[in-house]
Amino acid sequence: MTPRNKLINAGRKRAEQSLGATLTWAGTAYPCTCSPLTNARRLNDNGGGFQLFDDCVVFLRLEAVGGTGPREQAAVTLSVGDGATARSMRVTAVDINPGNGTLTLRLNSIKQGS
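What this report covers is the structure whose coordinates are included nearby. (Residues numbered from 1 in each chain as written. Predicted model: local features only at pLDDT ≥ 70, side-chain atom pairs only at ≥ 80, totals over all residues. Heavy atoms only, no water.)

### Considerations on the state of the cysteines
The condition is simple: Pairs of cysteine sulfur atoms within 2.5 Å are identified as disulfides in what follows. Residue exposure (1.4 Å probe, protein chains only): buried if accessible area is under 20% of the type maximum, exposed if over 50%, otherwise partly exposed.
Evaluation of the coordinates by the stated rule reveals 0 disulfides. Considering cysteine sulfurs only, cysteine 34 is the nearest to cysteine 32, which forms no disulfide, with 5.3 Å between them. Residue class for cysteine 32 comes out buried when judged on its relative accessible area of 0%. Here cysteine 56 stays unpaired: no disulfide links it, and the sulfur of cysteine 34, its closest cysteine neighbor, is 4.3 Å away.

### Quick look at the pattern of salt bridges
How we decide: Here a salt bridge means any side-chain nitrogen of Lys or Arg lying within 4 Å of a carboxyl oxygen belonging to Asp or Glu. The helix count covers DSSP runs of H or I at least four residues long, the strand count covers runs of E at least two residues long, and both are numbered beginning at the N terminus.
Taken as a whole and judged by the stated rule, the model has 4 salt bridges. Linking lysine 13 and glutamate 63 is a salt bridge whose minimum nitrogen-to-oxygen distance equals 3.1 Å. Residue lysine 13 is found in helix H1 (residues 3–19), and its partner glutamate 63 is found in the loop between strand S6 (56–61) and strand S7 (75–79); the two are separated by 50 residues along the sequence. By relative accessible area, which is 46% here, glutamate 63 ends up partly exposed.

### Digging into the nonpolar core
What counts is decided by this rule: Here, nonpolar core means buried Ala, Val, Leu, Ile, Met, Phe, Trp, Tyr and Cys residues that are tied together by side-chain atoms lying within 4.5 Å of each other. The contact definition used throughout considers only heavy atoms, calling two residues in contact when any of these lie within 4.5 Å.
If you look at the biggest cluster of nonpolar residues, it comprises 17 residues, and the most contacted ones within it are Leu23, Cys32, Val58, Leu60, Leu78, Leu105 and Leu107. Where this core is concerned, the elements lending two or more residues are S6, S7, strand S8 (87–97) and strand S9 (102–109). Each residue touching leucine 78, except ones within four places of it in the same chain, is listed here: Thr22, Leu23, Cys32, Leu37, Cys56, Val58, Thr85, Ala86, Arg87, Met89 and Leu107.

### Brief notes about the sheet that holds S8
The condition is simple: Two strands form a pair only when DSSP identifies at least two bridges running between them. For every element, the axis is a line fit to its C-alpha atoms; helices are fit only across the contacting stretch, and the angle between N-to-C directions ranges from 0 to 180 degrees.
Pairing is antiparallel across the open sheet formed by 7 strands, whose spatial order is S2-S1-S7-S8-S9-S6-S3. Here the strands that pair on one side only, and so sit at the sheet edges, are strand S2 (28–31) and strand S3 (33–34). Sheet topology places S6 next to S9; 6 bridges connect them, and they run antiparallel. If you follow arginine 61 over to S9, its bridge partner there is threonine 102. Contacting S2, S3, S6 and S9, H1 crosses the sheet at an angle of about 120 degrees to S6.

See the structure below:
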């Protein structure tokens, strides 16, 4: 990992400690950072009705999850800290950036589509 990416990772660790958010997967809670939680449903541009958008984007350090993480369609629980109610979510997309040691997960409510 480059010095720049080490600095990014150190900043991410500090943000995780400050925010207190965790993503629980396979019974283990991992520190994370995330976008604000939403319940986004927007009309798409082609008149095809409602299209689901991400409820949340989560960033995990690969070193925190041992170099691997949840796969698409995995059920996870997101707690954003400060006593907020944990939310059951489903992973809809996974992006891995090994260059800076980041795993990006796009999540939707586990209830969407039901």
